Amino acid sequence: MHQSNDAAVVVEGVHKRFGAVQALAGVELSIPRGSCFGLVGPNGAGKTTLFSIISGFLRPSAGRVRVLGEEHGAERLRGRLAVLPQDASWRKGVPLDRQMALCARLQGFSAEDARREVLRVLTLTGMADCVGRHPDKLSHGMAKRVAISQALIGDPAVVLLDEPIAGLDPAQARAIRLLVQGESGKRTFLISSHDMPDIEALCSHVAIIKAGRIVEQRRMDELTRREAVVVFTLAEAPKDALAAPFRALAYVSAAEVRPVERKLQLTVRVDQKGIDEASAEFIGILVAQGVNFVGLQKGTSLEDAVLKAT
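Source: prediction; values computed, not measured. (Residues numbered from 1 in each chain as written. Predicted model: local features only at pLDDT ≥ 70, side-chain atom pairs only at ≥ 80, totals over all residues. Heavy atoms only, no water.)

Considerations on the overall build of the chain
Along the chain, the regular secondary structure elements total 10 helices and 14 strands. Judged by the C-alpha coordinates and their principal axes, the chain covers about 70 × 45 × 35 Å. The proportion of buried residues among the 310 residues of the chain is 45%. Taking the contacts inside the chain whose residues are at least 6 apart along the sequence as the reference set, 67% of them involve residues at least 24 apart. Carbon and sulfur atoms make up 49% of the accessible area of the chain, which amounts to about 15500 Å² in all. With 40 positive and 35 negative side-chain charges, the chain shows a spacing of 5 Å between the two charge centroids. (Helix = DSSP H or I, 4+ residues; strand = E, 2+ residues; numbered from the N terminus. Buried < 20%, exposed > 50% of the residue type's maximum accessible area, 1.4 Å probe, protein only. Contact = heavy atoms within 4.5 Å. Areas by Shrake-Rupley, 256 points an atom, 1.4 Å probe, with all protein chains shown as cover. Lys, Arg positive; Asp, Glu negative; His and termini not counted. Charge placed at Lys NZ, Arg CZ, Asp CG, Glu CD.)

Next comes the structure, spelled out in structure tokens:
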């Protein structure tokens, strides 16, 4: 695999076996520095195992991983790689800031600097009022944001987040998305999630893993726009055969109206014409027919791309 000096993480030919089970089978991955990189795939595909190997919690059966140009265990990686496991939890009965200060001390902070660093990262995530509070006094969303605060101690260059938005209500999820967006570019994020819209909105790059192998690795815009398709989500059912005017266009190869998860969608596939120019013409047709739409998507969605690849 071609290595780039701009890669924050490089995974080369990584295999992992657990007895007779082959969890990873020759994974190749290159994560650009400063990117927000999504890792997606079905349950059992190997996402958690790959996360654990990149973070250094597991050793591969074969292959190698380099983070910021260093092998795992290198002293120069200390404090530069941070991980938020999906099941991260705090010890009950001990104030959060004391637990987080211990994490900072383990990175080499003095006692006073550790206290300042804990306040800095809690402020960054909007959780400064949690200083002195106990874990059992926090909601699930608050605990998740505090856990992300812990992952940012020491200003790491690479941050691995496993299902950072799982189980959060819309307001909490939005707060996490805004935090990651604000920090993207300052550091490299690797995010694993089953929430395709969030990964699509957050990530500049994505890899799809299936049965322990990476089956796609692209820029997000390349993956989602490589199929020339325009999808309209309709506000109401059309009165007449809506697809017919689109099928009549020489550059349209297919058009159909179908229900998708309790919504009605018009999907138009385009040949030999730019998708942006075609979309403008399609909107004109809908307006002329008095059809209202509440959503417009150019190219396939990440969810559709994952389903197709897996």
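Notes on helix H10 (residues 302-309)
For H10, the complete set of buried residues consists of Leu 302, Ala 305 and Val 306. Seen from one end, H10 has its buried residues packed into an arc of 100°, which puts them on one side. For H10, the exposed residues lying more than 90 degrees away from the buried face are Leu 307 and Lys 308. (Arc of directions from axis to C-beta.)

Regarding the pairing of strand S13 (residues 263-270)
Of the strand pairs in this sheet, strand S11 (residues 229-234) and S13 are connected by six bridges, and their pairing is antiparallel. Of the residues in S13, the one forming a bridge with Val 229 is Arg 269. Turn length for the strand S12 (residues 252-260)-S13 hairpin, with the two strands adjacent in sequence and antiparallel, is two residues, and the turn residue Glu 261 shows positive phi of about 50°. (Pairing = 2+ DSSP bridges.)

What about the sheet that holds S11?
Across the sheet, which stays open at both edges, the four strands sit in the order S12-S13-S11-S14 with antiparallel pairing between neighbours. Each having just a single partner strand, S12 and strand S14 (293-298) make up the two edges of the open sheet. Across this sheet, the average inter-strand angle for adjacent strands is 15°, counted without regard to direction. Relative to S14, S11 is paired through five bridges, and the arrangement is antiparallel. In the strand pairing of S14, Phe 232 is matched with Leu 296. Helix H9 (residues 275-288) rests against S11, S12, S13 and S14 of the sheet, and its axis sits at about 30° to S11. (Axes fitted to C-alpha atoms, helices over the stretch in contact; angles between N-to-C directions.)

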